[in-house]
Amino acid sequence: MALFSAWMAGLIFGLGLLVSGMTNPAKVLGFLDVAGAWDPSLAFVMVGAIAVAAVSFQVSRTRTRSLLGLPINLPTARHIDRRLVVGSMLFGIGWGLAGICPGPALVLMGSGILKGVVFVMAMLAGMGLFERLERQRRPESPVPIPENKTR
Amino acid sequence: MFDMSHFTPLSALLGGLLIGTGAALLILFNGRIAGISGIVGGLLRPMAGDVTWRVAFVLGLVMAPLLYRLIAPLPELQIDAGYPLLIGAGILVGVGTRYGSGCTSGHGVCGLSRLSPRSTVATVVFMGVGFITVFVIRHLLGVN
């Protein structure tokens, strides 16, 4: 059941990315090009997504277990550190270069577009590089990333 | 100034509602945050009992175009970047989202929904840098 709901969540999320235009890199770059012919559509994606998600997070905050009885893992990290800022900067550069972020990348791959597959492979290589650097930093005990800390 | 020919507020809003619904399902049923980079990244650091839900979610994402095609032809998916640029961008997105603990979904959608200060900072930073990057490429360097 938990696998089915996770699959369903991914499926609906992916359909939303397709419907919204987030999976069209040309449109994403049009949104990021505020100094050019700006297409503000994608701001509406945020509005719609947050309107629904905010309610569910309010509900989940009042519970300790999910509807399937699983523990609810909400991030507890509070500190704003260099990792957060530098990482987000690197991500912002990559996003601005191609107009593709991780969710749409996977949907583009699923669409059978070769460039989507290549982007996902490069993204996985980047994530693998991160894991490697982390292990070098703390070879004995891999430190969980703040966002993965659970309460 | 505004590009009205490509302005699609309704489909953007509708897609956003679906994205929010996907995130809601994952937190309400699985107790997990729908952060794509974190979910994928966790597969590169597999821990017992923490793998299958990630695979199921990613499969759902990857299969979305298949289901979409049953209903309608896929919308325009135009990737202008060439392969070297795509690979460089992909590596930056991979390293950056893991180092910064999240991407557009985890920080942008879920984090802002939870009013998380960390996610708010992250979202402002990656969006701001995204704006700057496109500005530099298109208007300073004059590429496309």
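Relevant structure appears above.
Here is a short report on the structure shown in this document. (Residues numbered from 1 in each chain as written. Chains lettered and ligands numbered in written order. Predicted model: local features only at pLDDT ≥ 70, side-chain atom pairs only at ≥ 80, totals over all residues.)

## Quick word on the overall build of chain A
Here is step 1: Each helix and strand in chain A was counted, giving six helices and zero strands.
Here is step 2: Along chain A, helices and strands appear, N-terminal first, in the series α-α-α-α-α-α.
Here is step 3: A principal-axis box enclosing the C-alpha atoms of chain A has dimensions of 45 × 40 × 30 Å.
Here is step 4: Buried residues in chain A amount to 53% of all 151 residues.
Here is step 5: Of the contacts made within chain A by residues no fewer than 6 positions apart, 46% connect residues no fewer than 24 positions apart. (Helix = DSSP H or I, 4+ residues; strand = E, 2+ residues; numbered from the N terminus. Buried ≥ 20, exposed ≤ 12 C-beta atoms within 10 Å, placed from the backbone. Contact = placed C-beta atoms within 7 Å.)

## Remarks on the overall build of chain B
Here is step 1: Helices and strands together make up the secondary structure of chain B, namely six helices and zero strands.
Here is step 2: Of the regular secondary structure in chain B, the N- to C-terminal order runs α-α-α-α-α-α.
Here is step 3: Structurally, chain B occupies a C-alpha span of about 50 × 40 × 35 Å along its principal axes.
Here is step 4: Counting every position in chain B, which comprises 144 residues, the buried fraction comes to 56%.
Here is step 5: Within chain B, contacts between residues at least 6 apart in sequence are counted, and of these 41% link residues at least 24 apart.

## Let's talk about the interface of chain A and chain B
Here is step 1: Contacts between the two partners involve 107 residues from chain A and, on the opposite side, 108 residues from chain B.
Here is step 2: Listed by contribution, the elements that provide at least two residues to the side of chain A that touches chain B are α1 (2-20), α2 (25-32), α3 (41-61), α4 (82-98), α5 (102-110) and α6 (114-137) of chain A.
Here is step 3: Ranked by residues supplied to the side of chain A that touches chain B, first place goes to α1(A) with 18 residues.

## Notes on the nonpolar core
Here is step 1: Ranked by internal contacts, the top residues of the largest apolar core, which has 89 residues, are A23(B) and F57(B).
Here is step 2: Considering each element in turn, this core owes the most residues, twelve residues, to helix α1 (residues 9-30) of chain B. (Core = buried A, V, L, I, M, F, W, Y, C linked by C-beta atoms within 7 Å.)

## Considering the packing of α1(A) against α5(A)
Residue and element names in this part refer to chain A.
Here is step 1: Viewed as axis vectors pointing N to C, α1 and α5 meet at an angle of 90°, and their least axial separation amounts to 10 Å. In this view, α1 runs roughly perpendicular relative to α5, as classed from their interaxial angle. Contacts between α1 and α5 involve F13, G14, L17 and L18 on the former and, on the latter, G103, P104 and V107.
Here is step 2: Residue composition of the contact of α1 with α5, by class: five nonpolar, two polar and no charged. (Axes fitted to C-alpha atoms, helices over the stretch in contact; angles between N-to-C directions. Parallel < 35°, antiparallel > 145°, perpendicular 65-115°, else oblique. Nonpolar A, V, L, I, M, F, W, Y, C, P; charged D, E, K, R; others polar.)

## Here's the deal with the packing of α5(A) against helix α2 (residues 36-43) of chain B
Any two packed helices are characterised by the angle at which their axes cross and by the distance between the axes.
Here is step 1: Interaxial distance between α5(A) and α2(B) falls to 8 Å at its minimum, and their mutual angle equals 70°. One finds that α5(A) runs roughly perpendicular with respect to α2(B). Contacts between α5(A) and α2(B) pair P102(A), G103(A) and L106(A) from the former with I36(B), S37(B) and V40(B) from the latter.
Here is step 2: Of the residues that constitute the contact of α5(A) with α2(B), the class distribution is four nonpolar, two polar and no charged.

## Concerning helix α3 (residues 52-71) of chain B
Here is step 1: Compared with the 28 Å implied by 1.5 Å per residue over 20 residues, the 28 Å span of α3(B) between its first and last C-alpha is a close match.
Here is step 2: Among the residues making up α3(B), those that are buried are W53(B), A56(B), F57(B), V58(B), G60(B), L61(B), V62(B), A64(B), P65(B) and Y68(B).
Here is step 3: The secondary structure elements touched by the buried residues of α3(B) are α1 and α5 of chain A together with α1 and α2 of chain B. (Expected span 1.5 Å × (residues − 1).)

## Quick notes on α1(B)
Residues and elements named next belong to chain B.
Here is step 1: Taking 1.5 Å as the rise per residue, α1 with 22 residues should run 32 Å; its terminal C-alpha atoms sit 31 Å apart, in good agreement.
Here is step 2: With 18 of 22 residues buried, α1 lies mostly within the body of the structure.
Here is step 3: Immediately downstream of α1, the backbone of G31 shows phi near 70°, a positive value.

## Quick notes on the environment of L84(A)
Here is step 1: Among the structural elements, L84(A) can be located in helix α4.
Here is step 2: C-beta crowding within 10 Å serves as the criterion here: with 23 such atoms nearby, L84(A) is assigned to the buried category.
Here is step 3: With 47 residues separating them in the primary sequence, L84(A) and A37(A) have C-alpha atoms 31 Å apart.
Here is step 4: When residues no more than four places from it in sequence are discounted, the contact partners of L84(A) are G100(B), S101(B), R118(B), V121(B) and A122(B).

## A few points about the environment of G30(A)
Here is step 1: Here G30(A) shows up in helix α2.
Here is step 2: Taking the C-alpha atoms as reference points, G30(A) and G99(A), 69 residues apart in sequence, are found 8.9 Å from one another.
Here is step 3: Once residues lying within four places of it in the same chain are set aside, the contact partners of G30(A) are D39(A), D3(B) and H6(B).

## Overview of unusual backbone geometry
For residues besides glycine, phi is generally negative; the peptide bonds are generally trans as well.
Residue and element names in this part refer to chain B.
Here is step 1: For S101, which is not glycine, the phi dihedral falls at a positive 60°.
Here is step 2: Residue placement: S101 occurs in the loop between α4 (83-99) and α5 (104-113).
Here is step 3: The backbone of L115 sits at a positive phi, close to 55°, despite the residue not being glycine.
Here is step 4: Within the fold, L115 resides in the loop between α5 and α6 (117-140).

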